[in-house]
Every structure is written in C-alpha cells, then in structure tokens.
Amino acid sequence: MDPKDLVAAVRAAAIRHNRTWDALVPDRFQIDFTHEEAEELAYAEMAAAKRALRDHICETYGITARELSSLATL
C-alpha cells in the first residue's frame, strides 16, 4: 500500500472510531451498550491501520517500533 494510502486509512479509521465512540458514550453520564460491538470493531480497525502504517515506517527506515516511539516523543 502507498504511504499516503496508509495515512488516509488511519485517518478514516479514526473518524469511524470517533463516531462509534460518540454513539457508545453520548455524554459523560450515559453509556449506550447497543453500540459497544460497533465501537470495539472500529477500535480494532483503527489499531490495524495504525499498525500497518507503523510497520511501513519501521521497514522503510530500518528502525524498531520502540525507536519510532522514542522519535515521536522528541
């Protein structure tokens, strides 16, 4: 997958997760458990998209995920 496509996939998955989270937790006083499964699926999708992007970056630059994380905190 093209790097720009990987970034776009992470962004799209994050938007879907945000929508399902908002449905699951409509406000700080409520949880609508009818949306729990959709939120969990969206979270897993977002995690997979982030992992694919991370793996691409690490492979491209020859670094470990730990090194990437360290660079991100600088």
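Residues numbered from 1 in each chain as written. Predicted model: local features only at pLDDT ≥ 70, side-chain atom pairs only at ≥ 80, totals over all residues. Heavy atoms only, no water.

Evaluation of the coordinates by the stated rule reveals 2 salt bridges. Note that Glu-45 and Arg-16 form a salt bridge whose closest N and O atoms lie 2.5 Å from each other. You can see Glu-45 sitting in helix α2 (residues 36-61) and its partner Arg-16 sitting in helix α1 (residues 3-24), a full 29 residues away along the chain. By relative accessible area, which is 36% here, Glu-45 ends up partly exposed. For Arg-16, a relative accessible area of 38% puts it in the partly exposed group. (Salt bridge = Lys/Arg side-chain N within 4 Å of Asp/Glu carboxyl O. Helix = DSSP H or I, 4+ residues; strand = E, 2+ residues; numbered from the N terminus. Buried < 20%, exposed > 50% of the residue type's maximum accessible area, 1.4 Å probe, protein only.)

Here we come to the side chain of Glu-39. Mapped onto the secondary structure, Glu-39 falls in helix α2. Within the buried core, Glu-39 has no salt-bridge partner, and the shortest N-O distance to an opposite charge, that of Lys-50, equals 11 Å. If we ignore the near neighbours within four places in the chain, the residues touching Glu-39 are His-17, Thr-20, Trp-21 and Leu-24. (Lys, Arg positive; Asp, Glu negative; His and termini not counted. Contact = heavy atoms within 4.5 Å.)

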